[in-house]
Amino acid sequence: MLRTSLLFFLTLFTSVSFAQQQLQINEQGYFDMQGLNVTVFSDIYPDGHQTGVTIIQHGNRVAANGDLRLEASPGQWSPVPKGGELNIDKQAGTISQRLWYPDSSKNRKGFNPILYPDLTFAYSVEVKALQGNTFSVVVHLDEPLPAEWIGKVGFNFELFPGDLFGKSWILDQQTGIFPQQPNGPVAEEGGENVTNVLASGKKLVVAPEADLQRITFTSNSGTLELRDGRANHNNGWFIIRETIPAGSSQNALQWTITPNVVPNWRYKPVVQVSQLGYHPNQPKQAVIELDPKDNTIADLTLFKLTENGRQSVKSGKPTAWGNFLRYKYLTFDFSDIKEPGMYVASYGDIETNAFKIGADTYERHAWQPVLEYFLPVQMCHMRVNEKYRVWHDYCHLDDALMAPVDTNHFDGYIQGPSTLTKFEPLQPVPGINKGGWHDAGDFDLRVESQIGTLWNLALMIEEFGLDYDATMIDQETRIVEIHQPDGTSDALQQIEHGLESVLGGYRSLGRLYRGIICPTLRQYVMLGDATAMTDNLVYNASLGSGERTATESAVMDDRWVFTEENPRRELYVASGLAAASRVLKQSNPALAEEALKAARMLYESAASGPRVESAKIVALSELLLATQDEKYSKALVSMQEGVVKDIARSGWAVGHALPTIKDKKFLKAVSQAVGEYQTKLKVEQKADSPYGVPYKPNIWGAGWNIQRFGVEQYFFYKGWPELCTPEFFINSLNFVLGVHPGINTSSFASGVGSKSVTVAYGVNRADWSFIPGGVASGTALIRPDLPELKVWPFFWQQTEYVMGGGSTNYMFLVMAVENLYKNQ
């Protein structure tokens, strides 16, 4: 009887405790209760489904971008409002955001310009905590909308599709399933072909069968429409929409929203280890991510996998690290475990994927996919085969037309009032239809991406003796055959391929190109084979409509080449050219000489430009290594004050060139600056996060920046081993391979490790696929404090691949760590 009474009391206490839970505004400025968060315009990126009213349910962002939009199913270049003051009233339990159309900073200008209609209005979105886990959304307009915009302006709330496929919905008396693909019928609406509304009514229940996902939306002001936003935009989400009625201003829209919250729900522990593994002698640390209210510390057990199953080799309590972002963290050091083999780590009922400890961990299946797959697949102006598979056919052989003057391209390229060359606007520019790699998933060639890639490859040849042959590359026939060795170093061939583009543009234009990109948005968003973007025939204005020859056509689908005045970028390219010249001296002396000559000329023309000091330091270091010319050494030594002041950004390059510098005063001053910088860095990174690297995402995940940080730290360590530590570049590699915040512990390097990003934003993203060796930007920050890496092919800010460092910096880090322990 006593036990029964006690159980009843505990059950009652738990129920009452949960019933008293209430959405409240926390110190981070958003609504919070256990299992539910509602942020209100905390983020900055509506183009990427990442702002507005946002629901995080049981630790998972399920709905976002709640705001007024001018279209039923908007896309990346659709008009978005400008945000003003965010008002947080904790006492009233409300958060209100002031907004207006148009955003004058984006209207036909700036990076990614947007075309706004002739419509000006202002409004506020007010979110208020109601009872328990219910909140309201109310929209107030300053004045009613013009009559011609009635039925067009509406409040859109977007539902993340990836978690809803196959789940059901109920909208009043109508029911259905969230489809895997968008289905018709299709009709024109607002200039776009969109699918018909799935259903309409007053009350929508999303995923009624799933306690962790169920949300109820109720309109108290109009009619809810459930839409599929993926028919006119592949990267669209499901949309709940209500249009603003005529004549309304205050309380123009009123919704109540109730996300279900499972009683006593807690975020499950996440154990983060390298998905690839470790060298026996390197530091090894698991990071355990916990619910902030989880005050229990369980044992972590490390198991070695044997032919008879698991064998416990170490067990103990992790060490409390503290709080970071929204979670609590523990760490568990197992550096003492050195016996080669496969392992898993277990914390409570959570177990990691298998990982390896062995001296050969980084020797195979680690950096090789970058060179075997990713770089070949990204090669432009070629046909790329992999046995039965064609990754893409011959592409962009009609490159390129001179970009029109005064052009502000939708992807950020700007051509000023002059072409800066002898070529007239839209005149074909010869010599740039060879070489280069498609940057990211949009097929353009950015000069910094091209040079950054070949620069990294050159550094790996110098530092680690990279010499690997798994690919046949034939520039004469423009054929690439993956997994067909041709007796020549793949890295050297890839460097030559990059130089074909960079120096090809330099030869023809008499200067660097800024970038080469398609002229139309329809081409830009194309998914699939690169050869489908253009007809591979050079545009000839004298041909009649539909006419074509063997090499020319009347179709103006050719990409455009942009130029610019940018001394910093010219110095960056000079640095890469100098590095390339060093490694090509033996195999291709003529190309090496041309690259070095161009590097010298670019340096001379750009070195006196404004705000170029850090870029100049780097360029001088690379030129000094390439030439041993005393004038570069003297110029670098003369910049002692700038080097010391800018040690965090450019000191790595000086470390690279340190053996060639003899000035004792300079060396002493720089060494002192490095020591001070490293001491500060060690303190900062120890306190900043449990990962030992600077995790500071902006829009894209921080993975690429952390990789670059790691590469630079390698050169600091190489130059000043007595002052610096290898831990920073080791930690950077571990971060990319799985030791990073959030529930998704995938390796950012696709196809590397036991679990990796295999749905990525590459050229084959429409197939929910990946390119081995591509490295995603990784875990993004949903402001203010949610780390997120979703399984979704259309998040460029999380899973995009890029050239210029995304994969080659990762490759460098693997080889750096491998080299560090090679003789141990």
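Our structure's up above, just so we're on the same page.
Basis of the calculations
- Residues numbered from 1 in each chain as written.
- Predicted model: local features only at pLDDT ≥ 70, side-chain atom pairs only at ≥ 80, totals over all residues.
- Heavy atoms only, no water.
- Helix = DSSP H or I, 4+ residues; strand = E, 2+ residues; numbered from the N terminus.
- Rg over C-alpha atoms; globule rule 2.2 N^0.38 Å.
- Contact = heavy atoms within 4.5 Å.
- Areas by Shrake-Rupley, 256 points an atom, 1.4 Å probe, with all protein chains shown as cover.
- Buried < 20%, exposed > 50% of the residue type's maximum accessible area, 1.4 Å probe, protein only.
- Expected span 1.5 Å × (residues − 1).
- Core = buried A, V, L, I, M, F, W, Y, C linked by side-chain atoms within 4.5 Å.
- Pairing = 2+ DSSP bridges.
- Phe/Tyr/Trp six-rings, centres within 6.5 Å; stacked < 30°, edge-to-face > 60°.
- Lys NZ or Arg CZ within 6 Å of the ring centre and 35° of its normal.
- Axes fitted to C-alpha atoms, helices over the stretch in contact; angles between N-to-C directions.
- Parallel < 35°, antiparallel > 145°, perpendicular 65-115°, else oblique.
- Left-handed = near helix turned anticlockwise from the far one by under 90°.
- Nonpolar A, V, L, I, M, F, W, Y, C, P; charged D, E, K, R; others polar.
- Salt bridge = Lys/Arg side-chain N within 4 Å of Asp/Glu carboxyl O.
- Disulfide = S-S within 2.5 Å.

A. Summary view of the overall build of the protein chain. The secondary structure content of the protein chain amounts to 16 helices and 44 strands. Taking 824 residues into account, the globule formula puts the C-alpha radius of gyration at 28 Å, and the protein chain, at 28 Å, falls close to it. Each principal axis of the C-alpha distribution contributes one length, and for the protein chain these read about 85 × 75 × 55 Å. The long-range share in the protein chain, meaning contacts at least 24 apart out of those at least 6 apart in sequence, stands at 68%. Surface exposure of the protein chain reaches about 32,600 Å², of which carbon and sulfur atoms provide 51%.

B. Representation of unusual backbone geometry within the structure. Between glycine 184 and proline 185 the backbone carries a cis peptide bond, its omega angle lying at 5°. Look at the link from arginine 783 to proline 784: it is a cis peptide, with omega at 5°. Mapped onto the secondary structure, proline 784 falls in the loop between strand E43 (780-782) and strand E44 (786-788). Its identity as a non-glycine residue notwithstanding, histidine 396 has a phi of 55°, on the positive side. Structurally, the position occupied by histidine 396 is in the loop between strand E32 (389-392) and strand E33 (401-402). Not every positive phi belongs to a glycine, and aspartate 406 is a case in point at roughly 55°. A relative accessible area of 61% places aspartate 406 in the exposed class.

C. Region of interest: helix H6 (residues 567-584). The end-to-end C-alpha distance of H6 is 26 Å, a good match for the 26 Å that 18 residues give at a rise of 1.5 Å each. Taking burial as the measure, the 18 residues of H6 include 15 buried ones, the bulk of the element.

D. The nonpolar core, seen in detail. Ranked by internal contacts, the top residues of the largest apolar core, which has 180 residues, are Leu466, Ile495, Leu577 and Tyr810. A total of ten residues in this core trace back to one element, the largest contributor, which is helix H3 (residues 447-464). Excluding residues within four positions of it along the chain, leucine 466 makes contact with Trp367, Leu371, Leu457, Met460, Ile461, Ala491, Met811 and Met815. Leu36, Leu99, Ala199 and Phe795 belong to the second largest nonpolar core, which has 64 residues in total.

E. The pairing of strand E7 (residues 94-101), seen in detail. For E7, a buried count of six out of eight residues is recorded, marking the element as mostly surrounded by other parts of the structure. Where strand E6 (residues 82-89) lies against E7, six bridges are found, and the strand directions are antiparallel. Paired with glycine 83 across the two strands is leucine 99, which belongs to E7. Between the end of E6 and the start of E7, which pair antiparallel, lie four residues, with glycine 93 showing a positive phi angle near 70°. Summarising the sheet, E7 and strand E8 (residues 121-129) pair through eight bridges and their orientation is antiparallel. Bridge pairing in E8 places threonine 94 opposite lysine 128.

F. Summary view of the packing of aromatic side chains. Taken as a whole, this structure holds 52 aromatic pairs when the rule is applied. When the ring centre of tyrosine 761 is taken as reference, the NZ or CZ atom of arginine 765 above it lies at 4.0 Å. Sitting above the plane of the phenylalanine 160 ring, lysine 790 keeps its charged end 4.3 Å from the centroid.

G. The packing of helix H11 (residues 647-657) against helix H13 (residues 703-719), seen in detail. In contact at an axis separation of 8 Å, H11 and H13 are set at 55° when each is read in the N-to-C sense. With respect to H13, the element H11 is oriented oblique. In the crossing of H11 with H13, the sense of the turn from one axis to the other is left-handed. Across from Ile647, Ala648, Arg649, Gly651, Trp652, Gly655 and His656 in H11, the residues of H13 making contact are Glu712, Phe715, Phe716, Lys718 and Gly719. A per-class count over the contact of H11 with H13 returns five nonpolar, four polar and three charged.

H. Inspection of the side chain of asparagine 133 at higher detail. Mapped onto the elements, asparagine 133 comes out in the loop between E8 and strand E9 (135-141). When near neighbours in sequence (up to four residues on either side) are disregarded, asparagine 133 contacts Leu23, Met33, Leu36, Ile257, Thr258, Pro259, Asn260 and Val261.

I. Highlighting the sheet that holds strand E31 (residues 383-386). Strand order in the open sheet formed by four strands is E32-E31-E38-E37, and the pairing between neighbours is mixed. The outermost strands of the open sheet, each flanked by one partner alone, are E32 and strand E37 (471-474). Between one strand and the next, the sheet's axes are offset by a mean angle of 20°, whatever the strand orientation. Note: E31 against E32, three bridges, orientation antiparallel. The residue bridging valine 384 from the neighbouring strand is histidine 392, located in E32. Sheet strands in contact with helix H2 (residues 368-378) are E31, E32, E37 and strand E38 (479-482), and its direction is about 150° off that of E38.

J. Summary view of the pattern of salt bridges. Inspection of every chain in the model, using the stated rule, returns 36 salt bridges. The salt bridge partner of glutamate 565 is arginine 511, with a shortest N-O separation of 3.4 Å. Of this pair, glutamate 565 sits in the loop between strand E42 (560-562) and H6 while arginine 511 is found in the loop between helix H4 (490-509) and strand E39 (515-517), placing the two residues 54 residues apart along the sequence. Notably, a salt bridge pairs glutamate 622 with arginine 582, separated by 2.8 Å at the nearest N-O pair. Of this pair, glutamate 622 sits in helix H8 (residues 613-627) while arginine 582 sits in helix H6, and the two are 40 residues apart along the sequence. The two residues glutamate 622 and arginine 582 agree in class, both being buried. Salt bridges here are not isolated pairs; linked through shared partners, they connect Arg61, Asp163, Glu788 and Lys790.

K. Main features of helix H16 (residues 808-820). Compared with an ideal rise of 1.5 Å per residue, which puts 13 residues at 18 Å, H16 spans 18 Å between its outermost C-alpha atoms and is within 8% of the ideal. For H16, the complete set of buried residues consists of Thr808, Asn809, Tyr810, Met811, Phe812, Leu813, Val814, Met815, Ala816, Val817, Glu818 and Leu820. Those residues of H16 that are buried lie in contact with H2, H3, H13 and helix H14 (727-736).

L. View of the environment of isoleucine 495. Here isoleucine 495 is to be found in helix H4. Residues isoleucine 495 and asparagine 823, 328 residues apart in the sequence, show an inter-C-alpha distance of 29 Å. Setting aside anything within four residues of it in sequence, one finds isoleucine 495 in contact with Leu454, Leu457, Ala458, Ile461, Ala580, Val583 and Leu584.

M. View of the sheet that holds strand E3 (residues 36-40). Taken in spatial order, the nine strands make up an open sheet running E1-E2-E3-E4-E5-E10-E19-E18-E15, and their pairing is antiparallel. Each end of this open sheet is capped by a strand with a single partner; those strands are strand E1 (24-25) and strand E15 (199-201). Of the pairings in the sheet, the one linking strand E4 (residues 53-57) to strand E5 (residues 60-69) comprises four bridges and is antiparallel in character. Paired with glutamine 57 across the two strands is asparagine 60, which belongs to E5.

N. Representation of the state of the cysteines in the model. Per the stated rule, a full pass over the model turns up zero disulfides. Here cysteine 518 stays unpaired: no disulfide links it, and the sulfur of cysteine 380, its closest cysteine neighbor, is 11 Å away.

O. Region of the structure containing the packing of H3 against H6. One can describe the packing of H3 onto H6 by two numbers: an axis separation of 8 Å at closest approach and a directional angle of 35°. Note that H3 runs across H6; the crossing there is left-handed. Between H3 and H6, the contacting residues are Val447, Glu448, Ile451, Gly452, Leu454, Trp455, Ala458, Leu459, Ile461 and Glu462 on the first element and Arg569, Tyr572, Val573, Ser575, Gly576, Leu577, Ala579, Ala580, Arg582 and Val583 on the second. Taken together, the residues that form the contact of H3 with H6 break down as 13 nonpolar, three polar and four charged.

P. The arrangement of the side chain of threonine 471 in detail. Its location among the elements puts threonine 471 in strand E37. Leave out the neighbours within four places in its chain, and threonine 471 touches Leu371, Glu372, Pro376, Val480, Glu481, Ile482, His483, Gln484, Pro485, Asp486, Asp490 and Gln493.

Q. Quick look at the environment of arginine 548. Topologically, arginine 548 is positioned in the loop between strand E40 (538-539) and strand E41 (552-553). In this structure the C-alpha to C-alpha distance between arginine 548 and leucine 330, which are 218 residues apart in sequence, comes to 67 Å. Not counting chain neighbours up to four residues away, the residues in contact with arginine 548 comprise Asp535, Leu537, Leu543 and Ser553.

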